[in-house]
Amino acid sequence: MSERQDDRQTTPPSGPLFIGSEIYRGSSYGVGHPLRVPRVSTVIDLARALGWLPAERYRTSPRATPLALTAWHTPDYIAALQMAEAEGAVSDAVRARHHLGTLSNPVFPQMFRRPATGAGGMMLAAQLLRDGGVVHVPGGGTHHGLPDRANGFCYLNDVVLGILALRHIGITRVAYVDIDAHHSDGVEHAFADVPDVLMISVHEQGRWPFTGALGDRCSGNAFNLPVPKGFNDTEMRAVLDGLILPRVAAHAPQAVVLQCGADAVTEDPLSRLCLSNNAHRAVVRALSPLSPRFLVTGGGGYNPWSVGRLWTAVWADLAGQPIPDRLPPQAQAVLRALHWGGGARPPPDETLLTTLADPPREGPVRPEITDRLALLAAR
Ligand SMILES: [Zn+2]
């Protein structure tokens, strides 16, 4: 399925595994793009600085072959994406049909290899989970990708490809949970008519891509919960207890896939939600016992400090590592070396440089949340 796999790479895990790649280090969508900031490389560096990523826990993500990508994407699109990377430019016709070379999906030097590496990581994760286990793929989570075109910073849909890879090896009952600030429109498009795949998406209301309305249920397998700005940790706990956990448990999944986008935290510049990273960690910990297989991805996340901290904290929880109240100097150094890479964003608060876990951000559970949860619970 993927290039450059050897026996060691695909040996079933005896403990949680982290799939990463060096392709993310120094890769940028361009100076004016939110994805100019480092993310996966920060997680790798932080986890190593804390001693949480020994060699036996780390797997290098293979790059998926063009043929493997056609498990969901059209051959024409994959060819256009490869051509765009090779030539560093696209024609007007390719831009119009495949949405490459746009503001949100620009031409950049790794525009094929980087997403193909994310997809290869998700496909490898599926293989590693054959007999059970826990895998973290922070480079995965490109939930907006569509079969024939790029969409919302996503060139491919590695989530869909990963779930298809699970289903291909007989793991057909999957629960997909998405707590990114944006609706998982590409994943919903893929599995709208597949009742075996339960899809739960919690996302900010009134925000791009403007899909995922409360009443949108696909073939009964989709639960969409739009939430208002200011969404807090207490409200996320209500959503976890009132929607996510009961529906996932009732589905009795062979695998749980969590898209753990990091853009619903207060510090993120692309949403108006106000979670702390404790909310994401609580979802991770609560989902873990509900299935023999647990795959946790990245996703959105555009503040270089908050996204790196969040996914590192998630890995700590998956790997059973206690998070210190204050980071040691070598870990602080990783965070202090980060920068926005352009724009006029404010410098980070000191706590983003010295800690991994945020202070809790509790608040009232507003009627919009309780009313919508009641409607979904009645289905
Ligand atoms: Zn997002």
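Residues numbered from 1 in each chain as written. Predicted model: local features only at pLDDT ≥ 70, side-chain atom pairs only at ≥ 80, totals over all residues. Heavy atoms only, no water.

Some points on the overall build of the chain
Keep this limit in mind: Only DSSP runs of H or I with at least four residues qualify as helices, and only runs of E with at least two residues qualify as strands; both kinds are numbered from the N terminus onward. Throughout, the radius of gyration refers to the C-alpha atoms, and the reference size of a globule is 2.2 Å times the residue count to the power 0.38. Three exposure classes are used, based on accessible area relative to the maximum for each residue type with a 1.4 Å probe and protein chains only: buried under 20%, partly exposed in between, and exposed over 50%. Contacts are assigned to residue pairs with any non-hydrogen atoms lying within 4.5 Å of each other. Note that accessible areas follow from Shrake-Rupley with a 1.4 Å probe, and for residues the cover is restricted to the protein chains shown. In this count, Lys and Arg are taken as positive residues and Asp and Glu as negative ones, while His and the chain termini are left out. Each charge is placed at NZ for Lys, CZ for Arg, CG for Asp and CD for Glu.
For the chain, the helix and strand inventory stands at 14 helices and 8 strands. The globule rule puts the C-alpha radius of gyration for 379 residues at 21 Å, and the 19 Å found for the chain is close to it. In terms of overall dimensions, the chain has a C-alpha envelope of 50 × 50 × 45 Å along the principal axes. Taken over 379 residues, the chain has a buried fraction of 59%. The long-range share in the chain, meaning contacts at least 24 apart out of those at least 6 apart in sequence, stands at 79%. Per element, the accessible surface of the chain, about 13,900 Å² overall, is 55% carbon and sulfur. The average position of the 34 basic charges and that of the 35 acidic charges among the side chains of the chain differ by 1 Å.

Some points on the nonpolar core
Soluble, globular proteins show a tendency: their nonpolar side chains are buried together. Just so we agree on the cut-off: To qualify as a nonpolar core, a set must consist of buried Ala, Val, Leu, Ile, Met, Phe, Trp, Tyr and Cys residues joined through side-chain atoms within 4.5 Å.
Judged by nonpolar contacts, the single largest core of 69 residues is most densely connected at Phe-231, Val-239, Ile-244, Val-248, Leu-258, Leu-287 and Phe-294. Once you skip the residues sitting within four places of it in the chain, Val-248 turns out to touch Ala-175, Val-177, Leu-198, Ile-200, Pro-253, Val-256, Leu-287 and Leu-290. Residues Ile-19, Leu-128, Leu-166 and Val-257 belong to the second largest nonpolar core, which totals 53 residues.

Observations concerning the environment of Gly-342
On the secondary structure map, Gly-342 appears in the loop between helix 12 (329–336) and helix 13 (351–354). Residues Gly-342 and Val-31, 311 residues apart in the sequence, show an inter-C-alpha distance of 6.2 Å.

Description of the side chain of Gln-259
This is how the line gets drawn: Any N or O atom pair separated by 3.5 Å or less is treated as a polar contact, with the protein-specific requirement of one donor-capable and one acceptor-capable atom, and with residues adjacent in sequence counted only for side-chain atom pairs.
Position of Gln-259 among the secondary structure elements: in strand 7 (residues 255–259). Classification of Gln-259 as buried rests on a relative accessible area of 0%. Of the polar contacts made by the side chain of Gln-259, one reaches the side chain of His-143; its length is 3.4 Å. Among the polar contacts made by the side chain of Gln-259, one reaches the side chain of Asp-180 at a distance of 3.4 Å. Apart from residues no more than four positions distant in its own chain, Gln-259 is found in contact with Gly-141, His-143, Val-159, Tyr-176, Val-177, Asp-178, Ile-179, Asp-180, Thr-297, Gly-298, Gly-299 and Gly-300.

Looking at the coordination of the zinc ion
For the record, the criterion: Excluding water, the donors of a metal are its N, O and S neighbours within 2.8 Å, or within 3.2 Å for Na, K and Ca, and that exclusion means sites may look incomplete.
Distances from the zinc ion to its protein donors, Asp-180 (OD), His-182 (ND1) and Asp-263 (OD), fall at 1.9 to 2.1 Å. Of note, the zinc ion draws all its donor residues from one chain, in the sequence arrangement D-x1-H-x80-D. Placement of the pair is Asp-180 in the loop between strand 4 (174–178) and helix 8 (185–191) and Asp-263 in the loop between strand 7 and helix 10 (277–287), with a sequence separation of 83 residues. Summarising the burial analysis for this pair, Asp-180 and Asp-263 share the class buried.

A closer look at the pairing of strand 1 (residues 17–20)
Threshold: DSSP calls a pair of strands paired once it identifies at least 2 bridges connecting them. If you view a crossover with the strands going away from you and the path from the first strand over the helix to the second runs clockwise, you call it right-handed.
Of the two faces of strand 1, the one lined by Leu-17 and Ile-19 and the one lined by Phe-18 and Gly-20 are each fully buried. Pairing geometry for strand 1 and strand 3 (residues 133–137), over 2 bridges, is parallel. Within strand 3, the position partnered with Leu-17 by the bridge is Val-135. With respect to chirality, the unit in which strand 1 leads through helix 2 (residues 40–49) into the neighbouring parallel strand 2 (residues 58–60) is right-handed.

A closer look at the confidence of the model for the chain
Put simply, the rule is: What pLDDT expresses is the predictor's confidence in each residue, scored from 0 to 100.
The predicted model of the chain has a mean per-residue pLDDT of 96, with 97% of residues at 70 or higher. Low pLDDT, under 50, characterises residues 1–7; the stretch is placed with 18 contacts to residues that sit more than four places away or in other chains.

What about unusual backbone geometry?
Looking along the chain, the bond that leaves Trp-208 and enters Pro-209 is cis, with omega of 5 degrees. For His-99, which is not glycine, the phi dihedral falls at a positive 55 degrees. Position of His-99 among the secondary structure elements: in the loop between helix 5 (92–98) and helix 6 (113–128). A residue is classified by how much of its surface remains accessible, and His-99, at 30% relative accessible area, is partly exposed. One non-glycine residue, Cys-218, adopts positive backbone phi at about 55 degrees. For Cys-218, the location among the structural elements is in the loop between strand 5 (197–204) and strand 6 (222–227). Note on Cys-218: relative accessible area 32%, which makes it partly exposed.

Re the side chain of Asp-180
The following threshold applies: The rule for a salt bridge is simple: a side-chain nitrogen of Lys or Arg has to be within 4 Å of a carboxyl oxygen of Asp or Glu.
Among buried charged residues, Asp-180 stands out as having no salt bridge; its nearest opposite-charge side chain is Arg-39, 7.2 Å away. Here the side chain of Asp-180 touches His-182 through a polar contact of 2.8 Å, landing on its backbone nitrogen.

Notes on the packing of helix 2 against helix 11 (residues 304–318)
Between two packed helices, what matters for the description is the angle formed by their axes and the separation of those axes. Selection criterion: Structural elements are reduced to axes, namely lines fitted to C-alpha atoms, with helices fitted over the stretch in contact, and the angle between N-to-C directions of any two is expressed from 0 to 180 degrees. Geometric relationships in this document are graded by angle, where less than 35 degrees denotes roughly parallel, more than 145 denotes roughly antiparallel, 65 to 115 denotes roughly perpendicular, and other angles denote oblique. The hand of a helix crossing depends on one turn: near helix anticlockwise from the far one by less than a right angle means left-handed, and clockwise means right-handed.
For the pair helix 2 and helix 11, interaxial distance at closest approach is 8 Å and the crossing angle is 50 degrees. Relative to helix 11, the element helix 2 is oriented oblique. Once helix 2 is placed against helix 11, the crossing between them reads as right-handed. Here Thr-42, Val-43, Leu-46 and Ala-47 of helix 2 come into contact with helix 11, specifically with Gly-308, Arg-309, Trp-311, Thr-312 and Trp-315.

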